[in-house]
Amino acid sequence: MASMRDIKRRIKSVNSTQQITKAMNLVASSKLTRAKNRLMDTRPFFQETRKVIAGIVNGSKGISHPYLEKRKVNKKAVILITGDRGLCGGYNANVSKAAFSCIDNKENVSAITIGSKGREFFKRRGVNIIQSYTGISENPDYSDALKIGRLALDLFIKEEADEVYLAYTEFISTLSSEPKLIKVLPVDVSEFGNEDADDQALTIYEPDEEAVLEYVIPKYVNTVIFGAMVESAVCELGARMTAMDSATENASEMIDSLNLLYNRARQGAITQEITEIVGGSGIYD
Amino acid sequence: MAENKVRLRIVTPVRELYDKDTEMVIMRSSIGDVGILHGHQPLTTTLDYGLLRIINGDEEIKATVFGGFASVDSRGITILSDAAEWPDEIDEKRAIAAKERAEKRIKSNDESVDIVRAELALRRALLRLEAKGK
C-alpha cells in the first residue's frame, strides 16, 4: 500500500490539475458566448451573397466565367481550418481527417492551413503546405479571410489547382459539431437553390453581368472562408469547454477515490500505532 | 404611406448595420449615384466607396460604404459591403491622420510604397471626413 504521504501528494497534484481544467472550462465558456454572437452576425452576409450569385447565374442562362468553369481535376488545393492549441477533445483530429479524406495523391495537393495543429498534421503526412497561418484561428479577422481567399483564387486562376476544398467544423450546438469538407472553387451554383425565379429574369445588372460576377465571386469565396473560420472558432471553444468539463469531473472522481485510499491508510496507521503502544506497555504480559 | 416604403438592409461580414423600411435610398454605384424608391426594378450593382443616404421624410441619415454590392428585388434593397459605418462611429482624428499618412506615401516617390493601397487608404479617409463634415 502506498504511504500516506504519497497519496497526499497525489491528491494535491490532481487537485491543482482540476483547478486548471476548471479555469480553462470557464474561460472557454465565456469566450464561446462571444464567439457565438459573432457567428450570428456573419451569417446574414454569407446567405445574401450566395443568393445574389445564384440569382445572377440562374437568371442569365449559359453565362460563363473562369470561376464557374469545371476543369479536369489534376491538382487540388485544400484549406484546413484547425485551432492552435490542443486540449479540446477530438476537434483538431476530426477536421484534419476530413481534409485528408479528399487527398488521393499527395503529390498533386497543395495545402493552406490555419492553426498550428493542422500544419503539424499535414507536415507529418508529407503534404505540401504552401502557406500556413497561426495565431488567427481563435479570433478570426475578415482581413485574414481576404488574404486566404485571394491566395485560393490565385491558385485556381493560375491553374495550380483545379479544385479548391475547404475543411472546417460546422457548429450544430455547444455539445455537438461536425467536421465538413466543401468545394469552394469552381463555384457550383446548383447547390445554392433557386427561390424567386421571376425576379431574376427582369433584373438589370450594372455595369453588366460579367462585371458583377467578377466582383461577387471573390467576395463569396472570402465570405465562405471567413464564415468557416468563425464557425470553427466557435466549435473549438465548444469542444474545449466539453473536454475541460469532463476532465474536471474525472479529477473529482479521482480525488474521491484517492481520499478513500488516504483515509484507509490513515486508519491503518493509527491501528498499527495503538497495537504497538499496547504491545510495548506490556499490559497483556 | 407605409406601402410606399422599401426595406433596406445593410450587411457587412461582421454585423448587420441596418434593417428598416425607408422612403428612399441613394447609393454610390460604380457608375454613379443611384436612388432607389419603392417598386424599383430588380437591380444588382457593384458599389464604389461613397456615402449612402437614407431618406425618410425630412430626416436623412448617412452611412459610409466601402465598396461591395447592392441587390434590389421585390423584398427590398440589400447592401453587402466589406465595411460600412455610421458617421458617429468615425474617429475624426484617426481619419485625418490616415489622410496625411496616405498623402505623404503617394508623394514620397518611394518605390517600396504600394500606390494603389495608399490611394485606397486616402479615399477611405476622405470619405470618412466627408461623412463627418456634415
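Everything numeric in this text was worked out from a predicted model, so none of it was measured.

A. Expanded view of the side chain of Lys76 of chain A. Residue and element names in this part refer to chain A. Within the element layout of this structure, Lys76 appears in strand S1 (residues 76–81). In this structure Lys76 comes out as buried when scored by relative accessible area, which is 12%. Ignoring anything within four residues of it in the chain, the contact list for Lys76 reads Cys102, Asp104, Asn108, Val109, Ser110, Ala161, Glu163 and Tyr165.

B. Structural context of helix H3 (residues 116–124) of chain A. When H3 of chain A is considered as a whole, its buried residues turn out to be Ser116, Gly118, Phe121 and Phe122 of chain A. Of the residues one or two after H3 of chain A, Gly126 of chain A is the one with positive phi, at around 70 degrees.

C. Broad picture of the domain arrangement of chain A. The domain architecture assigned to chain A consists of domain 1 (4–23 + 244–281) and domain 2 (31–242). On a C-alpha basis, the centres of domain 1 of chain A and domain 2 of chain A stand 51 Å from each other.

D. Fine view of the sheet that holds strand S2 (residues 109–114) of chain A. Residue and element names in this part refer to chain A. Strand order in the open sheet formed by five strands is S3-S2-S1-S4-S5, and the pairing between neighbours is mixed. The two strands at the open ends of the sheet, each matched to only one other strand, are strand S3 (128–133) and strand S5 (177–185). Strand-to-strand twist in this sheet, taken as the mean axis angle between neighbours without regard to direction, amounts to 20 degrees. Bridge count for S1 against S2 is six bridges, and the pairing is parallel. Across the sheet, residue Val78 finds its bridge partner in S2, namely Ala111. The strands that helix H2 (residues 91–100) touches are S1, strand S4 (163–171) and S5; relative to S1, the one it contacts most, it runs at about 170 degrees.

E. Examining the domain arrangement of chain B more closely. Residues and elements named next belong to chain B. Domain assignment breaks chain B into domain 1 (2–85) and domain 2 (90–133). In this structure, domain 1 and domain 2 have C-alpha centres spaced 25 Å apart. Taken residue by residue, the interface counts eight residues in domain 1 and eight residues in domain 2. Between domain 1 and domain 2 lies a buried interface of about 760 Å² when both sides are counted; carbon and sulfur atoms form 69% of it. Of all residues in domain 1, Tyr49, Leu51 and Phe66 bury the most surface against domain 2, accounting for 61% of the area lost on that side. On the surface where domain 1 and domain 2 come into contact, there are two salt bridges. With a shortest N-O distance of 2.5 Å, Glu85 and Arg128 are connected by a salt bridge. Broken down by secondary-structure element, the contributors of at least two residues to the side of domain 1 that touches domain 2 are strand S5 (43–56) and strand S6 (59–73).

F. Summary view of the packing of aromatic side chains. Across all of its chains, the model carries six aromatic pairs over all chains by this definition. Ring centres of Tyr215 of chain A and Phe69 of chain B lie 6.5 Å apart, and the angle between their planes is 85 degrees; on these two criteria the pair is classed as edge-to-face. One end of the pair, Tyr215 of chain A, is in helix H6 (residues 209–281); the other, Phe69 of chain B, is in strand S6, on a second chain. For Tyr215 of chain A, a relative accessible area of 25% puts it in the partly exposed group. The exposure class assigned to Phe69 of chain B is buried, which follows from its relative accessible area of 1%. It is Arg125 of chain A that lies over the ring of Phe121 of chain A; its NZ or CZ is 3.8 Å from the centre.

G. Quick look at the confidence of the model for chain B. For chain B, per-residue confidence averages 84 on the pLDDT scale, and residues scoring 70 or more make up 97% of the total. Mean pLDDT values over the elements of chain B span from 84, in helix H2 (residues 115–133) of chain B, up to 90, in strand S3 (residues 24–29) of chain B.

H. Fine view of the interface of chain B and chain A. At the junction of the two partners, chain B supplies 27 residues and chain A supplies 23 residues. Carbon and sulfur atoms make up 62% of the area that chain B and chain A hide from each other, which totals about 2200 Å². Among the residues chain B hides against chain A, the three largest losses belong to Pro13, Thr44 and Phe69 of chain B. Together they make up 25% of the total. Run the count over chain B and chain A and you get one salt bridge. The partner of Lys219 of chain A in a salt bridge is Asp82 of chain B, with the nearest N and O atoms 3.4 Å apart. On the surface where chain B and chain A come into contact, there are five residue pairs in polar contact (both at pLDDT 80 or more). Put simply, the parts of the chain that give the side of chain B that touches chain A at least two residues each are strand S1 (6–11), S5, S6 and strand S7 (76–80) of chain B. Sort the elements by how many residues they give to the side of chain B that touches chain A and S6 of chain B lands first, with five residues. Grouping the amino acids of the side of chain B that touches chain A by side-chain chemistry returns eight nonpolar, 13 polar and six charged. Pairing of strand S6 (residues 204–206) of chain A with S5 of chain B, which is carried by three bridges, proceeds in the parallel orientation. Bridge pairing links Ile204 of chain A to Leu43 of chain B in S5 of chain B.

I. Quick peek at the nonpolar core. All names here are of chain A. Membership of the largest hydrophobic core comes to 59 residues, with the highest contact counts inside it found for Ile79, Ile148 and Leu185. For this core, the elements supplying multiple residues, two or more each, are helix H1 (4–59), S1, S2, helix H4 (142–157), S4, S5 and H6. Setting aside chain neighbours within four positions, we find Ile148 in contact with Ile79, Ile112, Ile114, Tyr133, Ile136, Ile225 and Met229.

Definitions and limits used
Residues numbered from 1 in each chain as written. Chains lettered and ligands numbered in written order. Predicted model: local features only at pLDDT ≥ 70, side-chain atom pairs only at ≥ 80, totals over all residues. Heavy atoms only, no water. Helix = DSSP H or I, 4+ residues; strand = E, 2+ residues; numbered from the N terminus. Buried < 20%, exposed > 50% of the residue type's maximum accessible area, 1.4 Å probe, protein only. Contact = heavy atoms within 4.5 Å. Domains from an automatic or database assignment. Pairing = 2+ DSSP bridges. Axes fitted to C-alpha atoms, helices over the stretch in contact; angles between N-to-C directions. Buried area = accessible area lost by both parts, 1.4 Å probe. Salt bridge = Lys/Arg side-chain N within 4 Å of Asp/Glu carboxyl O. Phe/Tyr/Trp six-rings, centres within 6.5 Å; stacked < 30°, edge-to-face > 60°. Lys NZ or Arg CZ within 6 Å of the ring centre and 35° of its normal. pLDDT = per-residue confidence, 0-100. Polar contact = N/O pair within 3.5 Å; in protein donor to acceptor, adjacent residues only side chain to side chain. Nonpolar A, V, L, I, M, F, W, Y, C, P; charged D, E, K, R; others polar. Core = buried A, V, L, I, M, F, W, Y, C linked by side-chain atoms within 4.5 Å.

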